[in-house]
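# Per-entry structural report
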Amino acid sequence: MKYKIVADSSCDFLTLKDVNFEAVPLKISTNDKNYVDDAKLNLSEMLKELKEYKGRSYTACPNIQEWLNAYDEADNIFVVTITSALSGSYSAAIAAKKMMESTHPNKKIHVFDTLSAGPGVALIVEKLQELILNNETFDEICEKVTQYQKDTQLIFALKSIHNFVQNGRVNKVVGLAVGTLNIRMIGAASEEGTLEIIGKQKGEKKSIEALFKEMEKRGYKGGKVNIGHCENEQGAATLKDLILSKYKNANISLYHMRGLCCYYAEPGGMLMGFETL
Ligand code: X90
């Protein structure tokens with residue numbers, strides 16, 4: 001096949017229909033065990049073990065060699081990574097691109113730094129899929145997806161950001177604000193791709209309403225929505241119904257996220273990527 005999409009596992013996809021696709025896993029580890037965020041990961045077992053685990057846990061992005069392996073067979077490759085503001089995934093993907101291009105000058109590789117995570121990354125991957133299936137050229141696709149990124153946003157509600165704080169990815173003061181009984185932190189991916197806090201809400205119902213309000217405030221007009229959750233099917237479904245009650249034709253996908261996003265979003269967490277077109 002002519003084109004290939006390669007994304008790190010923050011996109012939550014294991015496969016993608018009708019296009020050549022590969023997910024490169026990030027890793028989650030404790031001092032006792034490593035979890036690879038691929039199709040073989042037993043997600044519910046990982047979440048259960050992490051809940052019981054008393055020590056520290058970590059994550060690691062794909063290394064240069066892992067990206068290189070995924071660039072192997074195709075000639076036109078689109079690479080999609082989690083925000084470079086919180087992970088080394090993008091830098092490793094760029095380093096691998098440079099190495100591959102020096103030995104294979106005819107290969108075309110473009111790396112997108114999504115400045116987002118989870119359902120935000122998924123929107124970019126799906127847009128690439130759509131344009132590839134439309135038979136657009138490599139350069140056209142790069143241009144359109146770069147524009148499309150500006151027309152998407154990511155917001156979320158989290159019950160805990162313990163793992164963010166533990167891994168030094170937000171400051172402690174922010175971390176202390178949540179974790180209190182029944183408090184949800186409402187946040188967004190900032191323009192720079194960092195975790196930005198918008199406010200706090202008490203309880204699930206209020207936080208779902210706040211998410212809906214926030215998406216409209218940020219320019220949602222009935223476009224596509226990806227809702228990813230971690231052990232919160234019900235909250236995600238309530239949010240979906242709320243969006244549909246006003247935007248009847250909205251195209252909304254709802255799914256359980258994979259290892260990396262679940263690790264940081266933590267059980268109860270919900271992320272929403274949406275178009276502002
Ligand atoms: O390189 C690594 O070890 C991975 C680090 C990833 C850190 C970010 C994970 C985000 C997962 C959680 C909530 C959304 C925050 C979005 C901010 C852009 C999703």
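Residues numbered from 1 in each chain as written. Predicted model: local features only at pLDDT ≥ 70, side-chain atom pairs only at ≥ 80, totals over all residues. Heavy atoms only, no water.

### Some details on the sheet that holds strand β12 (residues 252–256)
Within the open sheet, the six strands sit side by side as β10-β9-β8-β13-β11-β12. Their pairing is mixed. Both edges of this open sheet fall to β10 (195–202) and β12, since each of them pairs with a single strand only. In this sheet, neighbouring strand axes are inclined to one another by 20° on average, regardless of whether the strands run parallel or antiparallel. Two strands pair when backbone bridges link them, and strand β8 (residues 152–158) and strand β13 (residues 270–275) are joined in this way by six bridges, in the antiparallel orientation. Directly across from isoleucine 155, in β13, lies its bridge partner methionine 272. Packed onto the sheet, helix α4 (residues 119–133) meets β8, β11 (225–229), β12 and β13 and runs at close to 35° relative to β13. (Pairing = 2+ DSSP bridges. Helix = DSSP H or I, 4+ residues; strand = E, 2+ residues; numbered from the N terminus. Axes fitted to C-alpha atoms, helices over the stretch in contact; angles between N-to-C directions. Contact = heavy atoms within 4.5 Å.)

### Side note on the pattern of salt bridges
Using the criterion set out here, one finds 16 salt bridges in the structure. A salt bridge links lysine 33 to glutamate 45, with the shortest nitrogen-to-oxygen separation between them at 3.5 Å. Taken together, the residues span a long stretch of sequence, with lysine 33 in the loop between β3 (27–30) and β4 (34–36) and glutamate 45 in helix α1 (residues 43–52) at a distance of twelve residues. Given a relative accessible area of 32%, lysine 33 falls into the partly exposed group. The exposure class of glutamate 45 is partly exposed, given its relative accessible area of 36%. For the salt bridge of glutamate 126 with lysine 224, the shortest nitrogen-to-oxygen distance reads 2.8 Å. Of this pair, glutamate 126 sits in helix α4 while lysine 224 sits in the loop between α8 (204–217) and β11, placing them 98 residues apart in sequence. Across this residue pair, the class does not change: glutamate 126 and lysine 224 are buried. If you follow the salt bridges from partner to partner, you end up with Lys4, Glu22 and Glu73 in one network. (Salt bridge = Lys/Arg side-chain N within 4 Å of Asp/Glu carboxyl O. Buried < 20%, exposed > 50% of the residue type's maximum accessible area, 1.4 Å probe, protein only.)

### Considerations on the packing of aromatic side chains
For any pair of aromatic rings, geometry is given as the distance between the ring centres together with the angle between the planes. For the structure shown, the criterion picks out nine aromatic pairs. Ring geometry for tryptophan 67 and tyrosine 71: centres 6.3 Å apart, planes at 40°, overall tilted. Here tyrosine 71 and tryptophan 67 lie together in helix α2 (residues 64–71), a separation of four residues that amounts to about one turn. For the pair shown, tryptophan 67 and tyrosine 71 are each scored as buried. Plain terms: the ring middles of phenylalanine 164 and tyrosine 264 are 4.9 Å apart, the flat faces sit at 50° to each other, and that makes the pair tilted. Of the two residues, phenylalanine 164 sits in helix α6 (residues 162–166) while tyrosine 264 sits in helix α10 (residues 259–265), which places them 100 residues apart along the sequence. (Phe/Tyr/Trp six-rings, centres within 6.5 Å; stacked < 30°, edge-to-face > 60°.)

### Section: the environment of leucine 123
Along the chain, the position of leucine 123 falls in helix α4. Taking the C-alpha atoms as reference points, leucine 123 and glutamine 149, separated by 26 residues in sequence, lie 8.6 Å from one another. In contact with leucine 123, other than residues within four places in its own chain, are Tyr148, Thr152, Lys224, Asn226, Gly273, Phe274 and Glu275.

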